[in-house]
Every structure is written in structure tokens, then in C-alpha cells.
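Breakdown of the fold
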Amino acid sequence: MIPQFDVDHGSCLKNAGSRKRLLRWHSCMQSLLWLAGLVALVVLNGKSANGSTPQGGQETDSWVQEHLLNPGSHPPFSFVYDRQASETILKAWPRTTASKELDGGRTEHTITWTDPKTHLSVRFSAVTYADSPAVEWTIHFANDGNADTPVLEEIQALDISVPVTGQSIPTIVYSRGCGGMDTYALRKQPLNQLESFRLSNRGGGKTVDTIPFFDIQMGGRGIIGAVGWPGTWAINFSRPTEEAIAVTAGMQKTHLALHSGEEIRTPQVLLLPWSGDDIDAHNVLRRHVLKYHTPHYDGQPVVLPVSHLGWGGMKTSTSLRLLDQITQEKIGFETFWMDAGWYGADREVEEFQVFGREDWFLHAGNWRVNAVAHPEGLKPISDAVHAKGMKFLLWFEPERAVVGTPLTISHPDWFIGEEGTNFEGNDARPFVKFRLFDFGNPAAREYMIDSMSDLITSQGIDIYRQDCNFALAPFWAQNDSHDREGITEIRYVEGLLEFWDELRKRHPQLILDIVQRGDLETISRAVDMSRADYPVSPDADPIGNQVSTEGLAYWRPHYGTLQQIRPWDTYHFRSGFAPGLGFALFNVAGTMDQIGKFIPPDFPFDWLRTQVKELKQIRPYYYGDYYTLSPCSENTDCTTAWNDEHSAAFEWAAWQFNRPEQGDGMIEAFRRDKSNDQAKELRLRGLDPKATYKVSDLDGKSTTTISGSDLMQTGLRVEIADAPGAAIIIYKRM
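Presented here is a report on the structure given in the accompanying data block.

What counts as what
- Residues numbered from 1 in each chain as written.
- Predicted model: local features only at pLDDT ≥ 70, side-chain atom pairs only at ≥ 80, totals over all residues.
- Heavy atoms only, no water.
- Axes fitted to C-alpha atoms, helices over the stretch in contact; angles between N-to-C directions.
- Helix = DSSP H or I, 4+ residues; strand = E, 2+ residues; numbered from the N terminus.
- Parallel < 35°, antiparallel > 145°, perpendicular 65-115°, else oblique.
- Contact = heavy atoms within 4.5 Å.
- Nonpolar A, V, L, I, M, F, W, Y, C, P; charged D, E, K, R; others polar.
- Buried < 20%, exposed > 50% of the residue type's maximum accessible area, 1.4 Å probe, protein only.
- Pairing = 2+ DSSP bridges.
- Salt bridge = Lys/Arg side-chain N within 4 Å of Asp/Glu carboxyl O.
- Core = buried A, V, L, I, M, F, W, Y, C linked by side-chain atoms within 4.5 Å.
- Phe/Tyr/Trp six-rings, centres within 6.5 Å; stacked < 30°, edge-to-face > 60°.
- Lys NZ or Arg CZ within 6 Å of the ring centre and 35° of its normal.
- Polar contact = N/O pair within 3.5 Å; in protein donor to acceptor, adjacent residues only side chain to side chain.
- Left-handed = near helix turned anticlockwise from the far one by under 90°.

Put simply, helix α5 (residues 316-328) and helix α6 (residues 379-387) touch, their axes get as near as 10 Å, and they point 5° apart. Relative to α6, the element α5 lies roughly parallel. Contacts between α5 and α6 involve Thr316, Ser319, Leu320 and Leu323 on the former and, on the latter, Pro380, Ile381, Ala384 and Val385. Grouping the constituent residues of the contact of α5 with α6 by class yields six nonpolar, two polar and no charged.

Moving on to the pairing of strand β4 (residues 106-114). Counting buried residues along β4, seven of its nine residues qualify, which places the element largely inside the surrounding structure. Pairing of strand β3 (residues 95-101) with β4 involves seven bridges; the strand directions are antiparallel. Of the residues in β4, the one forming a bridge with Thr96 is Thr112. Of the pairings in the sheet, the one linking β4 to strand β5 (residues 120-129) comprises nine bridges and is antiparallel in character. Residue pairing for β5: Thr107 is matched across the bridge by Thr128. Where β4 folds back onto β5 in an antiparallel hairpin, the turn is made up of five residues, including His119, whose phi is positive at roughly 65°.

To continue, consider the sheet that holds strand β30 (residues 511-514). What the seven strands build is an open sheet, ordered β30-β28-β24-β22-β21-β32-β31; its pairing is parallel. Edge strands, defined here as strands with exactly one partner in the open sheet, are β30 and β31 (560-562). Geometrically, the sheet is characterised by an average inter-axis angle of 25° between neighbouring strands, direction not taken into account. Pairing of strand β21 (residues 306-310) with strand β22 (residues 335-338), which is carried by four bridges, proceeds in the parallel orientation. Bridge pairing links Ser307 to Thr335 in β22. Lying on the sheet, α5 is in contact with β21 and β22; it crosses β22 at an angle near 155°.

The next point concerns the pattern of salt bridges. Oppositely charged side chains can pair when the atoms bearing their charge come close. Evaluation of the coordinates by the stated rule reveals 45 salt bridges. Here Glu263 and Arg123 are joined by a salt bridge, their closest N and O atoms 3.5 Å apart. Taken as a pair, Glu263 in strand β17 (residues 263-265) and Arg123 in strand β5 lie far apart in primary sequence, 140 residues in all. We classify Glu263 as partly exposed; its relative accessible area is 34%. Between Arg368 and Asp346 there is a salt bridge, with the nearest N and O atoms lying 2.9 Å from each other.

Here the focus is the nonpolar core. Counting 204 residues, the largest nonpolar core has Phe237 and Leu585 as the members making the most contacts within it. Here the element with the most residues in this core is helix α10 (residues 487-506); it accounts for nine residues. Here Phe237 is in contact with Ile172, Leu191, Glu195, Ser196, Phe197, Leu199, Phe214, Ile216, Ile245, Ala246 and Val247, once residues within four sequence places are set aside.

Before going further, it helps to examine the packing of aromatic side chains. In the structure shown here, the tally under the stated rule is 45 aromatic pairs. With 5.9 Å between their ring centres and 80° between their planes, Tyr693 and Tyr731 make a pair best called edge-to-face. Of the two residues, Tyr693 sits in strand β38 (residues 692-697) while Tyr731 sits in strand β41 (residues 725-733), which places them 38 residues apart along the sequence. What makes Tyr731 buried here is its relative accessible area of 2%. Cation over ring: Arg400 sits above Phe434, and NZ or CZ is 5.0 Å from the ring centre.

So, on to the environment of Ser161. Checked against the element boundaries, Ser161 lands in strand β8 (residues 158-163). As for Ser161 and Pro76, which are separated by 85 residues in sequence, their C-alpha atoms are 8.8 Å apart.

Attention now moves to the side chain of Thr318. Summarising the element assignment, Thr318 is placed in helix α5. Of note is the side chain of Thr318, whose polar atom sits 2.8 Å from the side chain of Glu351.

Another point: the packing of helix α8 (residues 442-458) against α10. Between α8 and α10, the least distance of the axes is 10 Å, while the angle of their chain directions is 35°. Seen along the crossing, α8 lies across α10 with a hand that is right-handed. Counted together, Arg445, Glu446, Met448, Ile449, Asp450, Met452, Ser453 and Ile456 of α8 and Gly495, Glu498, Phe499, Glu502, Leu503 and Arg506 of α10 form the full contact between these two elements. Looking at the contact of α8 with α10, its residues break down into six nonpolar, two polar and six charged.

Quick look at the structure:
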């Protein structure tokens, strides 16, 4: 349904209209033109929320001309320049417009404003899609004059007013970040009048608190947004009046003058308006992300592997012996993963990560192979990996360097700031100082590109894993002067993106694994094979992995996870099923009493082979449409205490991944350990009601045929006798 926008004395907005009518535009608050136009794109330019495919073409072009390129329209961004608001000054500046086809499905529309006095140019570049209702943009500021500009500050890459519709209280839906048991859990924040709400990434590295995706839901319609910026970002929601929600997004701090010839960019913004069902709308987002913000290889979205985890201190001889065993047992591993600990000064190291004793932190920044653990480098390992038909993954943390490592001595000018800490925050551990490698420095960046590229070639690396285990923002702030606040971060982010892009350019088949950053720019270039660290702990509760899948799948289709092996525990193993999965056959990390010996002779290889085979069987479905079938209730949290009545352990979790084009899909269902319900009726979504489906339990308990209408209206009865227990059911249109 297309909202129709009218003006009266009491409100800027009334709801009416029909799919077959174009929007009628009126003189309301100017930012409403943007939102109304964006909602029109749901119908005119992409796949609508109810699954139909509207017509685009000339109607979309007309909308762009009238509401994107029209001089009277109000831009969806803001800034302050020389103490004047952009809303005022842009009206007086000359502007030019241009549009060009980027490829068969994307069109870029550019608007440039230029200050005739200081020659500051503001270039707004928006991309529309022939097959998606999303609109994306980035803004560039350039000083084309001969002197420094006045101060440019408070840059908001997104600044819009969203009209409130319907009778219910508007709700901001978002997901937690990568820290804790409730990683990526969906959260809902009501927004009453005079209330405000903020999502942010204060540290500028991993998205610990929240990810930069949101959905403003208002009774059957809303607007989804996302930010691309592997640095500090903030998304602010406020409701100063009953009628509208103000939304801004951008870097957390900008206050700078631009030098002559200097140019900067803002974070990337995505908006996707919707009307109808929010789950359908999020499947439109998932399809958009899969096509336009997922790394592709040979024309297809990246396939995340099943990986065997290994610690970098594990000697070459141990690694080769392990490789022989896992391939002889034909478990089905596709990647051999070597994590931290392989680098630094030549020394004896622990072969496994013993918490409280490892020294990987002390050698960060010295990216040479430890010859004691690996006398011939890592090439013998990668050669053996490749000979067994697998990929080789190697861990790096190029953004941090411990003071005293060779590069900090030979090129101190390539680093920013300095921090000191006891190793892992433990006063009993060594105190070290470390610095931030400056990706914003062109000479430093070129060195790191060459250095990492050489390692990728010489060591046979197929998957380059980049971790970041500290906050970057304090270093950036240390490097800024009062009239240049934000410039260090901007240059750093621009350089980091260039670094990743150049590695892919030099090594087209290289997979980038960028750990837990989660913004739009990063996931467009890289996978995240460990969406959270929590599940790798030997005593981690499997509910943590379930909650992560349920929440993260709401926003995007590609991610991986980790877990520890618990032999014969199918519920635990299936809880970690995801597009990508990494695990070891014994505890490679933990305390001394937790880390395992080498693989015991009575290890249940038959059981594990079955689990891996099942994961590979269902892996393609994760890129389909996603539906929650038994979501967590509103008052559920992720505690597992026996006396907590709100614990998620009392509930089921179930979801569906559906591929309507192929006519197939799957259901994953989990009966948690405190649930008394042995069965659930799960009503499926997205099926053909007139078709008949063959439905099979992967455990071989049953195979039946059911009509699509029955599966959607009556539901599929799923029984799980054990608590905890898990069921995986696949279906195929006959």
C-alpha cells in the first residue's frame, strides 16, 4: 500500500492511497518530501514488502527528477559551515546535477553545491536500484580554493524527519553488538514524545554495543536504515513533537577546517522504506545486502567455509599431524584456521591458547613468522592444506603494534598515539605499551599493503583474517588539533578501506575476514567468520549462538560463528549452525584444565561427519528469505539462572529460511533445557499455497507431503522429545 501525503491544520500526514496511484506532493515540512519519495520507491523501484515486483522505469526517473534533483527539495543530510546551518546556506549556493548509469541495475545521481566565496564544494552522490527500493548515498566535501576553509562541523550524513503514522507508539528495532551471551539479540525501544534514543560505536573498532542497522516501525510501515563506516558512528532518534521523529547519523565528532585542495567523505547511508509486514521488508533488505553488499567470487556470493580452528603457536609438526588426521577421517573441513600466536620474535610458545599464559598480545605488530614454532615458515602448512583441497586462514592485527617491535622503531612516524596496559587487564601480567598503525598515512599504508600482500603470496594465505582488539577512537583524538577534530579518523577509515580494496585487487580470490565490525562498508568487502567470541568459550551456553542467528539474520545473510566441540551433543552443535562455522576437535583455548589433549582415539567421528554433512546440506538456505517462527517473547532475556522466570531457557526458538525461486527451504527448531513443551505448531511463510511440498526431518524420523496452504495456515507440527533438543526440517516443492 502506498501512503498518500496530505496537509491539514493538525498534521503533516494522513494515510490513504492505492498501489496504482502516484503520490500527491504538497508543501509540508520539506524533509517529508524525502521520506514520501523514498516510500514511493518501495512501489516504483523495487520488490515490495508483500513479495510482488512493482514496475520501475520511467516512474522512478520521474521521482528522481522531481524530488532528488529538484532545487526546492531538502537534502537528507546536514552540516554547519562557518557557524551557519546547511539548510540555509545551500539554498544560496549554485548547484549542478548529473545522473549516470553505473551498470544495468544501478543509477548514480549527483548534486554538487559550491560556495562562491570560499569555494567549498559539497557533492552528494546517491545510488538508486532497478530491483530494490533502497537508496544509498555518501557526501564529499572538497576545498577547491587557495586558502583554508572556515570550520566545517556537526556533519550528519543522515538528517531527516520521519512522520509518525498509525495509532501505536513508534518503535526503534535494533540489534545488540558482539559482546556477551546476548550477541545480536533483537531489541525494541518505544519512542514517546520528548524521548530520545542513541545507537553508537564509541570505540571505533568492533561493534561491541550495537550494530549500525535500525528499523523505525509504526504499525505496518516504517523505514530501515544502515550506516557504513568502520570507525566511530552515532545514530540518534528523537521525537520533539507528536508528529515526527528526527533521525541523524554520522561520525561522532567533526569540527575541522579543510586545507586547500583537501577532500573528505562522510559515512555511507542506506535507507529502505517499507509498508506492510516488517519481516517481508527485512527480506527485501537481505536480498539487497546479498546482491550489493556481499563479497562475490566468480559472479556468486561468497560461500563461508567449515573451518578447523587452530592456535598460531601450534608447531608445524603438530599442525601437519592434525591435518592428516582430520582428512583421513573425512570430516569435511574446508579451511584450516591458524589464529594468533604464530608471529614475533623467535621463542618457545604454548601450542594452545592457555588463558592467562599466552603472549600473542606482546608481539602484535611484528609480522614475521616465529622460526622456533615454524622453522620453514608457514608454507609447509599451507601447502599441505592445499594438497588436501582446503583453504588456509591466517590471523593478523595490523592496526596495533607493541612499542619496541621493529616497525615502531624504524618508522615511529607511521604510528599514532600510545596506550599502556597490563596484558589482558591482569595486574599479574606484563605491562606493555602499544601504538596505532596509521592507515591514513599514504606511505605507511603502501608499506602495509605490500607487506601483507607479500605474506599472502609467500605463505599461501587464502583467507586474510583481520582482528582489532582495542578502541581506536582515543588514538584518533590524540592526533587531532582543535580545528581539525575528526580528520585523523576520516583519513584512517578512507585508508583502511583502500587497504582492503587493494588486497582484493592484487589477490582476486582472497577472502577478507574482518572481525566483528559489522558496518555496511565492511560487510560489502569482507565476511565475518566469528560474529562473536562468546561461543568459543568451553563453557559457553548454546543459547548464545541461537540468539545471534535469530537477531543477525534479521539484517543480513552472511556471517559465521565459532563453537567448542562437545561430543555427541547434537543440540549444542546445531545451535552453531550458520552460513559459516569454525570449531576444533579439542579445546584449543581455555584454562589449563580445559584445553584438550590431541584428539582421543574414542572420538565420535561418525557423529561429527553427520553433523558437518547436514550443515553443508542446509548451508545454501541461509541466503534465502528469513522468517522467525517462534521468536523470543518480549520480556525474555538471555540469562540461564534456574530462578529467573524471564530466562530464554524456558522457551523454544525456531526460524525458517525459504528460497521461493527454488521452491525449497528449511526450519531450525530448538527446545531449550527448561521448556516443558514437547511440540510446537510452526506456521511457515513465503510458500506457494497451491503447491505440494515434500517435508523431511534430517534425523530421518519422518517424510511427508503437505500443501503449501496447510503449512502456512495450520502449520507444521514439530516434536522434540528431549530438553534440550534440536530439529532440522527441510522441504521441497514437488
